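Chain and residue survey
Take a look at the letters that make up each chain.
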Amino acid sequence: MASAASAEHVGATPALRRLYVIRFVFAVAWAVLLLVSGSDLNLAAKLLLFLYPAFDVVAAVVDARSARTDGPVKGLYANIAVSSLAAVGVAVASASGVADVLRVWGAWAVVSGLVQLLVGVARRPMGGQWAMIVSGGISVLAGATFIRSASQDDPSLTTLAGYATLGGIFFLVSALRLSRSPRRG
């Protein structure tokens, strides 16, 4: 039974590697566009803020379809639900201001970070998952920071660009590790 599970992980690795690279490219491009749009909640920023969790939903759907084990799939379904709520929540919060956006984004980062951490642990036999585990933990901490920063006098959206970039780097590291170590986390 262990060898069957290993074979399933090896078969899923190329699709997961491609997805992780796409997520890296998207995160970095998104961060650059957010920085270019400025710290105000203009139309471009609102669209970008909605697009990030919406893209996360699409990526989780693609991931769930290519996953071959039950453990990660349940977590991916949880991520689809959480990120869908976040996309709607960010769209609604963007009408109220930067502080409310940071609160919603922070709550999403905490919950989705926990899910990412758990999915990474479940996928450890595939290899390359230590980056996803660390990224999930950092997301939880960053989310708490976003919620706290929402109460500052002049909250800013620019910290979200750093968050997205770091998350993208972790996806790239994981993609590279998947191609090198099919058995180590």
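Before reading on, note that the structure itself is shown above.
Okay, so let's go over this structure. Worth saying up front: this structure is predicted, and the values here are computed from it rather than measured. (Residues numbered from 1 in each chain as written. Predicted model: local features only at pLDDT ≥ 70, side-chain atom pairs only at ≥ 80, totals over all residues. Heavy atoms only, no water.)

1. A word on the pattern of salt bridges
As enumerated under the stated definition, the model contains three salt bridges in all. The closest approach of N and O atoms between arginine 123 and aspartate 63, which form a salt bridge, is 2.4 Å. One end of the pair, arginine 123, is in the loop between α4 (98-122) and α5 (130-149); the other, aspartate 63, is in helix α2 (residues 43-66), and 60 residues separate them in sequence. Residue arginine 123 shares its accessibility class with aspartate 63, and that shared class is buried. For the salt bridge of aspartate 100 with arginine 103, the shortest nitrogen-to-oxygen distance reads 2.8 Å. On the criterion of helical spacing, the pair formed by aspartate 100 and arginine 103 is a turn pair, its members being three residues apart in helix α4. Accessibility expressed as a relative area gives 37% for arginine 103, which makes it partly exposed. (Salt bridge = Lys/Arg side-chain N within 4 Å of Asp/Glu carboxyl O. Helix = DSSP H or I, 4+ residues; strand = E, 2+ residues; numbered from the N terminus. Buried < 20%, exposed > 50% of the residue type's maximum accessible area, 1.4 Å probe, protein only.)

2. Considerations on the packing of α4 against α5
For the pair α4 and α5, interaxial distance at closest approach is 7 Å and the crossing angle is 165°. Compared by their axis directions, α4 and α5 come out roughly antiparallel. Regarding α4 and α5, the two cross each other, and that crossing is left-handed. Residues belonging to the contact of α4 with α5 are distributed by class as follows: 14 nonpolar, 11 polar and one charged. (Axes fitted to C-alpha atoms, helices over the stretch in contact; angles between N-to-C directions. Parallel < 35°, antiparallel > 145°, perpendicular 65-115°, else oblique. Left-handed = near helix turned anticlockwise from the far one by under 90°. Nonpolar A, V, L, I, M, F, W, Y, C, P; charged D, E, K, R; others polar.)

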